[in-house]
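Structure assessment
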Amino acid sequence: TDPWQGPEETATKATILREHFHMVGWEYTTFPERGPLGNTDWESPNIVSVIIMRDPLSRLLSGGAYFKRHYGYTYTDYFKQKDWVSYSQSEQTDNYALRILTGNRGCCDGKDTNRKHLQTAKDLLRRMTYVLDIDCLEEGMKRMAAELGITMNIRPKDADKNHAHKSPKERIKYVYQDLKEKNHLDIELYEWSKSLALVDCASL
């Protein structure tokens, strides 16, 4: 039933869901089946929207179920060179965020992806109530909760300090430069999104 397409559906479903839930989450691995996220009426007074942005190369290392299904390992720590090469050439590593945020199904073509899709994604992020950076998600959630006047209970195991990893450059073997070039627009989007983020992680 998501993403909601148009102002009428947005208003109707937001009103219905609000009677039962304080928050709903939408999660995608590719372009949404029902249509672009941009078609949802994000300006509706009935919606507070939150999007969490993540370093694209770091995101490519977090696909446990995908890795297990395609390579037999839950983590890339166990990848052999042939696994890295295969993974780097897969659609899974092609501008993950743009695939979801753009207005066009099948937008991405690696390092040759048209920049118009980057602009579409930027326009969508500007419409979000809150942009959070996963690098300091705990602080972002606390700041957002304070602004909204709600209580945010973060379990110790979910604290930022318990989710520290080596850098993608240290973790990606053999194909780091290839993935960096392939995802250069996704990387540009993420770096730009920091200007909208509720918390500037670099300032902490």
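For the structure itself, consult the block above.
Below is a short write-up of the structure. (Residues numbered from 1 in each chain as written. Predicted model: local features only at pLDDT ≥ 70, side-chain atom pairs only at ≥ 80, totals over all residues. Heavy atoms only, no water.)

Another aspect to go through is the overall build of the chain. What the chain contains, in helices and strands, is ten helices and two strands. Relative to the 2.2 N^0.38 estimate, which gives 17 Å for 204 residues, the radius of gyration of the chain is 18 Å and therefore close to what a compact globule would have. Taken over the C-alpha atoms alone, the chain extends approximately 50 × 40 × 30 Å along its principal axes. Taken over 204 residues, the chain has a buried fraction of 41%. Approximately 12100 Å² of the chain is accessible, and the part contributed by carbon and sulfur atoms is 49%. The average position of the 29 basic charges and that of the 30 acidic charges among the side chains of the chain differ by 5 Å. (Helix = DSSP H or I, 4+ residues; strand = E, 2+ residues; numbered from the N terminus. Rg over C-alpha atoms; globule rule 2.2 N^0.38 Å. Buried < 20%, exposed > 50% of the residue type's maximum accessible area, 1.4 Å probe, protein only. Areas by Shrake-Rupley, 256 points an atom, 1.4 Å probe, with all protein chains shown as cover. Lys, Arg positive; Asp, Glu negative; His and termini not counted. Charge placed at Lys NZ, Arg CZ, Asp CG, Glu CD.)

This part covers the packing of helix α3 (residues 64-71) against helix α4 (residues 81-88). As a packed pair, α3 and α4 sit with axes 12 Å apart at the nearest point and diverge in direction by 115°. On the basis of their axis angle, the class for α3 and α4 is roughly perpendicular. Crossing geometry of α3 relative to α4 is assigned as right-handed. The residues of α4 that touch α3, namely those facing Tyr 66, Phe 67 and Tyr 71, are Asp 83, Ser 86 and Tyr 87. (Axes fitted to C-alpha atoms, helices over the stretch in contact; angles between N-to-C directions. Parallel < 35°, antiparallel > 145°, perpendicular 65-115°, else oblique. Left-handed = near helix turned anticlockwise from the far one by under 90°. Contact = heavy atoms within 4.5 Å.)

Attention now goes to α4. Regarding α4, the residues found buried are Asp 83, Trp 84, Tyr 87 and Ser 88. Seen end-on, α4 carries its buried residues on one side only, within an arc spanning 125°. Summarising the contacts, the buried residues of α4 are in contact with α3, α8 (168-171) and α9 (176-182). (Arc of directions from axis to C-beta.)

Any two side chains of opposite charge can pair, so long as their charged atoms come close to each other. The final tally for this structure, using the stated rule, is eleven salt bridges. Taking the shortest distance from any N to any O, the salt bridge between Glu 43 and Arg 127 comes out at 2.8 Å. Of this pair, Glu 43 sits in the loop between α1 (7-18) and β1 (50-53) while Arg 127 sits in the loop between α6 (116-126) and β2 (130-133); the two residues are 84 residues apart in sequence, bridging distant segments of the chain. Assessed through its relative accessible area of 49%, Glu 43 is described here as partly exposed. For Arg 127, a relative accessible area of 26% gives the class partly exposed. Each of the salt bridges in this network shares a partner with another, and the network as a whole consists of Glu 9, Lys 13 and Arg 34. (Salt bridge = Lys/Arg side-chain N within 4 Å of Asp/Glu carboxyl O.)

Okay, the packing of aromatic side chains next. Enumeration over the complete set of coordinates arrives at 13 aromatic pairs. An aromatic cluster is defined as three or more aromatic residues linked by ring pairs; in this entry it consists of Tyr 66, Phe 67, Tyr 71, Tyr 73, Tyr 78, Phe 79, Trp 84 and Tyr 87. (Phe/Tyr/Trp six-rings, centres within 6.5 Å; stacked < 30°, edge-to-face > 60°.)

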